[in-house]
Amino acid sequence: STPVVIAIDGPSGSGKSSVSKAVAARLGLAYLDTGAMYRAATVWCARRGTDLSDLAAVAADVASMPLEMGLDPRAPGVTLDGHDVADEIRTTTVSEAVSRVATNLDVRAELKRRQRAAIDAERAGGFSHGRGILAEGRDITTVVAPDADVRILLTASEEARLRRRALDVHGAADASAVEATRDQVLRRDRDDSTVSQFVVAADGVVTLDSSELDLEQTVEAVLAVVTEAT
Ligand code: C5P
């Protein structure tokens, strides 16, 4: 069968990562978390003591970043300079700094190049043995893989997104946990949207609103779009 490429974009808290991993596992596809690559780039610059406002220095760091992405949706790995950084990339410090690295256009060009290489490798063989890949992020449907077989924008109401983020980060979704998450989530989405368009679907991109759906229902909805399109 021919390889399939699925692109999923969305804001933070849309459920993108959990849904994407489940769909990729279900379909036997490789899984690429592009947000993890921007997060790893942020860790790498911090480790090297690079000033994030020095755009050329940040771009040079990222150009030579020794990053390996594990593409197994059941155990996606992020290895930086030979060390697993899966936990380190999720810290609040990284979440607060990542948009500064992600708005560097030379960084975006470099990571786009690596993401396209991963997609091409999965079309030819790779982890999925040529079954294909699901890549998720902010600009996959528009910039990285506008030629994908399936393109989905996963959205959710602000309320639903903040609730999910609070659960992720604080393990609770009571009023104070949601408040603690609000500034961080909304500021990051506002900063990110200066370089990527992930609030309104581009032409040919299917919008899925997960506000009223649980994880399994969202997975089913994505699978229905995939079946329809392939
Ligand atoms: O999805 P996640 O929250 O891990 O993404 C972290 C950050 O990486 C985003 O806030 C954004 O700044 C950046 N990003 C991006 N383009 C992508 C994926 C993530 O700019 N395709």
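Keep in mind the model is a prediction, meaning the values are calculated, not measured. (Residues numbered from 1 in each chain as written. Predicted model: local features only at pLDDT ≥ 70, side-chain atom pairs only at ≥ 80, totals over all residues.)

### Observations regarding the sheet that holds strand β7 (residues 150–155)
Read across the sheet, five strands follow the order β2-β6-β1-β7-β8 without closing on themselves; strand pairing throughout is parallel. With one partner strand each, in any of the chains shown, β2 (30–33) and β8 (206–209) form the two edges of the open sheet. Neighbour to neighbour, the strand axes of the sheet diverge by 20° on average, direction disregarded. Bridging between β2 and strand β6 (residues 132–137) involves four bridges; their strand directions are parallel. Among the inter-strand pairings, Ala 30 is bridged to a residue of β6, identified as Ile 133. Its contacts with the sheet place helix α5 (residues 105–124) against β1 (4–9), β2 and β6, and it is angled at close to 160° to β6. With respect to the sheet, helix α9 (residues 215–229) is in contact with β1, β7 and β8, its orientation differing from that of β7 by roughly 155°. (Pairing = 2+ DSSP bridges. Helix = DSSP H or I, 4+ residues; strand = E, 2+ residues; numbered from the N terminus. Axes fitted to C-alpha atoms, helices over the stretch in contact; angles between N-to-C directions. Contact = placed C-beta atoms within 7 Å.)

### Here's the deal with the sheet that holds strand β3 (residues 67–69)
The strand order β3-β4-β5 describes an open sheet built from three strands, whose pairing is antiparallel. Looking at the sheet topology across the chains shown, the edges are occupied by β3 and β5 (83–84). Of the strand pairs in this sheet, strand β4 (residues 78–80) and β5 are connected by two bridges, and their pairing is antiparallel. Bridging across to β5, Thr 79 finds its partner in Asp 84. Most of the contacts of helix α2 (residues 34–47) go to β4, to which it runs at about 25°, and overall it touches β3 and β4.

### Overview of the environment of Gly 10
Within the fold, Gly 10 resides in the loop between β1 and α1 (16–27). With 27 C-beta atoms counted inside 10 Å, the residue Gly 10 sits in the buried group. Beyond its immediate chain neighbours, meaning those up to four positions away, Gly 10 contacts Lys 16, Leu 153, Leu 154, Thr 155 and Phe 198. (Buried ≥ 20, exposed ≤ 12 C-beta atoms within 10 Å, placed from the backbone.)

### Quick look at the site of the ligand
Of all residues adjacent to the ligand, which total 15 residues, the nearest are Gly 35, Tyr 38, Ala 102, Gly 137 and Arg 138. Elements supplying a minimum of two residues to the shell around the ligand: α2, α4 (92–102) and α8 (175–192). If you tally residues by element for the shell around the ligand, the top one is α2, at four residues. Among the residues forming the shell around the ligand, the class breakdown is four nonpolar, six polar and five charged. (Near = placed C-beta within 6 Å. Nonpolar A, V, L, I, M, F, W, Y, C, P; charged D, E, K, R; others polar.)

### Remarks on the nonpolar core
One broad trend across soluble globular proteins is that nonpolar side chains are buried collectively. In this structure, Ile 6, Ala 7, Ile 133, Leu 134 and Ala 135 are the most contacted members of the largest nonpolar core, which totals 33 residues. Contributing elements (two or more residues each) for this core: β1, α1, β2, α5, β6, α6 (140–144), β7 and α9. Among the elements that take part in this core, β1 stands out by supplying five residues, more than any other. If you look at the next biggest cluster of nonpolar residues, it comprises 19 residues, including Val 58, Val 78, Val 85 and Val 98. (Core = buried A, V, L, I, M, F, W, Y, C linked by C-beta atoms within 7 Å.)

### Focus on the packing of α2 against α5
Where α2 contacts α5, the axes come no closer than 11 Å and their chain directions differ by 135°. It follows from the interaxial angle that α2 and α5 lie oblique. Crossing hand, α2 versus α5: right-handed. Taken together, the residues of α5 that come into contact with α2 (itself represented by Thr 34, Met 37, Tyr 38 and Ala 41) are Val 107, Leu 111 and Gln 115. Across the contact of α2 with α5, the residue classes break down as five nonpolar, two polar and no charged. (Parallel < 35°, antiparallel > 145°, perpendicular 65-115°, else oblique. Left-handed = near helix turned anticlockwise from the far one by under 90°.)

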